[in-house]
Every structure is written in C-alpha cells, then in structure tokens.
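Architecture at a glance
Here are the chains, one letter per residue:
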Amino acid sequence: MRPQQLSSKREPLVDVVENDETITVTAELPGVAKDDIELEATENMLTINVDDEDRQYYKEVELPTEVDTDSARATYQNGILDVELHKVERKQKGTKIQLD
C-alpha cells in the first residue's frame, strides 16, 4: 500500500549567504531533475518552484538587498541548487541643496 500523497508543496531547506558583491542562495532539492526546476528572480525575491509527479517544492526567498536579476547564475548538482546574484550598487538618493 502506497502512502497517501499530500497535495501541498514542500518548502526546501534554504540558506542565504551575503558577501560584499553577491548573494548566494543554496536550496536542497533531493530527487529532482534539473529540467523540473523553475527559478524566477526580482530585485528582492527569488522564487524556487518544482512541480513534477513525485516531488513538489515551492519557496519564496526574500533577499537581504536588491540584486541585478540579469546577473543570476544557477547550478544544480547532487540535489543541491546554488543561485548566485550580484548586488545592485546603491546609488546616492537625494539631491544636494544649495544654501542661499
């Protein structure tokens, strides 16, 4: 007798590491084929979605700072997904005010 399948998706274990120039997100996705992993990045969020017959994972990872989504690089090996994103250089907000 097979165990009953849960309809909800699992949250993978995720680790976020920030250094001076990049943010790296590492997620454990055991038993998943590389082609079944869907990734989407915004300036402050990474979404991981896996939807195959046997395994389903979903996780929205809030990033600690804004990133350049065009810089994203992802690798998947032995059930471990690594996504590296470069931080956006902070531009000075505000306007210099001249004194009269």
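1. Quick look at the overall build of the protein
Secondary structure assignment for the protein yields zero helices and seven strands. Listed N to C, the secondary structure of the protein is β-β-β-β-β-β-β in terms of helices and strands. Within the protein, the proportion of its 100 residues that are buried is 25%. Within the protein, counting contacts between residues at least 6 apart in sequence, those at least 24 apart form 49% of the total. Roughly 8200 Å² of accessible area belongs to the protein as shown, and the carbon and sulfur atoms make up 42% of that amount.

2. A short note on the nonpolar core
Residues Leu 29, Val 32, Ile 37, Leu 46, Ile 48, Leu 63 and Leu 81 are the most contacted members of the largest nonpolar core, which totals 17 residues. The contact partners of Leu 63, leaving out residues within four places of it in the chain, are Ile 23, Val 25, Thr 42, Asn 44, Met 45, Leu 46 and Leu 85.

3. Remarks on the pairing of strand 7 (residues 80–87)
Across a regular strand the side chains alternate sides, sitting on one face of the sheet and then on the other. The pairing of strand 2 (residues 22–28) with strand 7 spans seven bridges and is classified as antiparallel. Paired with Thr 22 across the strands is His 86, a residue of strand 7. Bridging between strand 6 (residues 67–77) and strand 7 involves seven bridges; their strand directions are antiparallel. Bridged to Tyr 76 within strand 7 is Leu 81. Hairpin connection between strand 6 and strand 7: a loop of two residues separates the two successive antiparallel strands, and Asn 78 in this loop has a positive phi of roughly 55 degrees.

4. Some points on the pattern of salt bridges
Inspection of the entire model under this criterion finds four salt bridges. Lys 9 is the salt-bridge partner of Asp 51, the closest N and O atoms lying 4.0 Å from each other. Residue Asp 51 is found in strand 4 (residues 45–51), and its partner Lys 9 is found in the segment before strand 1 (14–18); the two are separated by 42 residues along the sequence. Classification of Lys 9 by relative accessible area gives partly exposed; the value is 32%. Between Glu 84 and Arg 73 there is a salt bridge, and its shortest N-O distance comes to 3.2 Å. Placement of the pair is Glu 84 in strand 7 and Arg 73 in strand 6, with a sequence separation of 11 residues.

Conventions and cut-offs
- Residues numbered from 1 in each chain as written.
- Predicted model: local features only at pLDDT ≥ 70, side-chain atom pairs only at ≥ 80, totals over all residues.
- Heavy atoms only, no water.
- Helix = DSSP H or I, 4+ residues; strand = E, 2+ residues; numbered from the N terminus.
- Buried < 20%, exposed > 50% of the residue type's maximum accessible area, 1.4 Å probe, protein only.
- Contact = heavy atoms within 4.5 Å.
- Areas by Shrake-Rupley, 256 points an atom, 1.4 Å probe, with all protein chains shown as cover.
- Core = buried A, V, L, I, M, F, W, Y, C linked by side-chain atoms within 4.5 Å.
- Pairing = 2+ DSSP bridges.
- Salt bridge = Lys/Arg side-chain N within 4 Å of Asp/Glu carboxyl O.

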